[in-house]
Amino acid sequence: FISTFSESAKLPTMKAAVAFKLIVLSCVISLSYAARLSNLALPLDTRNLPLLTGETHVLQFQKSYYFYFNNWGGCKGIDCCPTSGGCASCCFTKSPFTDPCVYTTNHSVVVYKTDDLQTFEYLGEALPLSARPEPMIEFRPCVLFNNYTQQFVMWYESRSASDGSSQYNVAVSTTPQGPFKTTVTNVQMDGSGRIGDYYIFVDDDEFNTAYHVRTGFVVQELSRNYTASSTVFSTFSTPKPSEAPVMFKRNGLYYIITGTGCCACRGGSTVYVVVSEDPLGPYEYLGEFASNQTHAFDPHSPYNYVTRSQPTSTFVFNDKQVFLGNQWVTASEPGQPRNQDLLFWAALEFTSTGNLTQLQWHDEVDL
C-alpha cells in the first residue's frame, strides 16, 4: 500500500514536470526567430495594405528600421524574357517592351517604420516631387544619419529624361521620415565608374566614415557631413560586368555584393562577392553565390538565379546579416503594378573563414 501510494503520488509531479518542459521547449522554439517573412507575398502595413516597393534602402536608427522605397508608380511590369536577348536584355526602351513607369519624372520615395519586421507603419512620402529642384527621373534613394550634423541625409540618382545623363543629388531632413529637401545637386565624383546605381555604407569607426560605392566600380569616401565626396577613392572589378552594389561590415571585414546587369528584369541576377580588410580595398573576389545549381542557364528563363531578385539593401536584424533583393515583375495585385513587386529576404550565412555560403531559395525566412 505504501509503495502504491508513493508511485501514485509521484505521477502528478512527473506530469507537471513534463508539462513544464514542454512549455519551456515551446518558448525556446518561439524565440528562435524574431520575424517570419514571405518571399511569395509582400508584408502588409498597419493600414492592411501591401508595401509599396521599388529600389530599397534600409536605415537602422535607434531601435527602429526605416524602409525607403523608390515608388515608380502602378504601371504593369514588363517581362522581357520573351525578347531575343532574354530576361536581362531589353531595358524597356523598344516597343513592344517599353515600360511607362521606369523612365518618368513622377517617381517619389516612400518610407515605412518597423521595430520588428512584422508591423510596418506607412509614414508617407519622404522625398515628394516638390522637394526636387528639377523634373528629372529619380532612382535609388539611400538614407543615412549623420552624427556630426544630427541630420538625416538622402542621396539619390537624378537622371535626365531627355538625354539619359545622370547626377547624384543630396537632400536633408531633421527626421527620418522627412520630408527631405534637396540641398546639393550634381555631386562631383572621382574615378571612371558610372554615375548611376550605387550604395552608401557607414563605418563604425571614430568618425562614422561613409563610403559611396558605385557601378564601375569605385569606392569613394564622403565628406564628414555626407553631402559631398572627398578625393579619396579606390576601384575594384568583378569577373563579368555587374551593378547594384551593396556594402556591409562583418567581423572586421568589408564585403561588397554586386549583381549582373538586370535592368529591373524578371528573374533577377547572380550575386558576386568581394571582401577586404579595409573599406578602400584592395578587394579579393570570393565567388558567385546565387546561380541555380539545378537549372541549366537559359537567358529566357526567370529561374537562373535562386534569389530571383537583384540586390538592393542589407542590414542587421536579430544578429543576422539580412540580404534584401527586388523580385522585379512579380506583382500579383490586380494590374500587376510595378510598385507591388515582391521582395526577397534571406539571412546570409558564412563559413568559419568569413566566406559566404551559397544562397538558397526559401518560400519563407525566419530572422
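Residues numbered from 1 in each chain as written. Predicted model: local features only at pLDDT ≥ 70, side-chain atom pairs only at ≥ 80, totals over all residues. Heavy atoms only, no water.

Q: I tried to follow the packing of aromatic side chains on my own but got confused; where do I start?
A: Note on aromatic pairs: each is described by the distance of the centres and the angle between the planes. As enumerated under the stated definition, the model contains 26 aromatic pairs in all. Judged by centre distance (5.1 Å) and plane angle (65°), the rings of Tyr-168 and Tyr-198 are edge-to-face. In this pair, Tyr-168 is assigned in strand 8 (residues 166–173) and Tyr-198 in strand 10 (residues 198–202), connecting sequence segments 30 residues apart. Accessibility assignment for this pair places Tyr-168 and Tyr-198 in one class, buried. An aromatic cluster of at least three residues, connected via ring pairs, comprises Tyr-65, Phe-67, Phe-69, Tyr-112, Phe-120, Tyr-122, Phe-315, Phe-317 and Trp-345. In this structure, Arg-224 is placed above the aromatic ring of Tyr-148, and the distance from its NZ or CZ to the ring centre is 3.9 Å. (Phe/Tyr/Trp six-rings, centres within 6.5 Å; stacked < 30°, edge-to-face > 60°. Helix = DSSP H or I, 4+ residues; strand = E, 2+ residues; numbered from the N terminus. Buried < 20%, exposed > 50% of the residue type's maximum accessible area, 1.4 Å probe, protein only. Lys NZ or Arg CZ within 6 Å of the ring centre and 35° of its normal.)

Q: Even after reading the chapter, I still don't get the nonpolar core, so can you show me in this structure?
A: The nonpolar side chains of a soluble globular protein tend to be buried, and buried together. The biggest cluster of nonpolar side chains holds 30 residues, and the ones touching the most others in it are Phe-236, Met-247, Ile-256, Ile-257, Tyr-283 and Leu-348. Counting only elements with at least two residues in this core, the list comes to strand 10, strand 11 (210–214), strand 14 (242–250), strand 15 (253–260), strand 16 (272–276) and strand 20 (342–347). Looking at this core element by element, the count peaks at 4 residues for strand 15. Non-local contacts of Tyr-283, meaning those with residues more than four positions away in its chain, are made with Val-219, Phe-236, Met-247, Tyr-254, Ile-256, Val-274, Val-275, Ser-276 and Asp-278. The next biggest cluster of nonpolar side chains, apart from the first, holds 21 residues, and it includes Ala-35, Val-58, Val-110 and Leu-117. (Core = buried A, V, L, I, M, F, W, Y, C linked by side-chain atoms within 4.5 Å. Contact = heavy atoms within 4.5 Å.)

Q: Looking at this structure, I do not really get the side chain of Thr-314. What am I missing?
A: Inspection of the secondary structure puts Thr-314 in strand 18 (residues 310–317). Looking at Thr-314, the relative accessible area reads 7%, which means it is buried. A distance of 2.8 Å separates the side chain of Thr-314 from the side chain of Gln-321, its partner in a polar contact. The contact partners of Thr-314, leaving out residues within four places of it in the chain, are Tyr-199, Val-246, Met-247, Phe-248, Gln-321, Val-322 and Phe-323. (Polar contact = N/O pair within 3.5 Å; in protein donor to acceptor, adjacent residues only side chain to side chain.)

Q: What is the right way to look at the sheet that holds strand 19 (residues 320–327) in this model?
A: Strands belonging to one sheet form pairs held by backbone hydrogen bonds; the direction of such a pair is parallel or antiparallel. Strand order in the open sheet made by the 3 strands is 18-19-20, with antiparallel pairing throughout. Since the sheet does not close on itself, it has two edges, and those belong to strand 18 and strand 20, each with one partner. When the angles between neighbouring strand axes are averaged without regard to direction, this sheet yields 25°. Direction of pairing for strand 19 relative to strand 20: antiparallel, over a ladder of 6 bridges. Residue pairing across strands places Phe-323 opposite Ala-346, the latter belonging to strand 20. (Pairing = 2+ DSSP bridges. Axes fitted to C-alpha atoms, helices over the stretch in contact; angles between N-to-C directions.)

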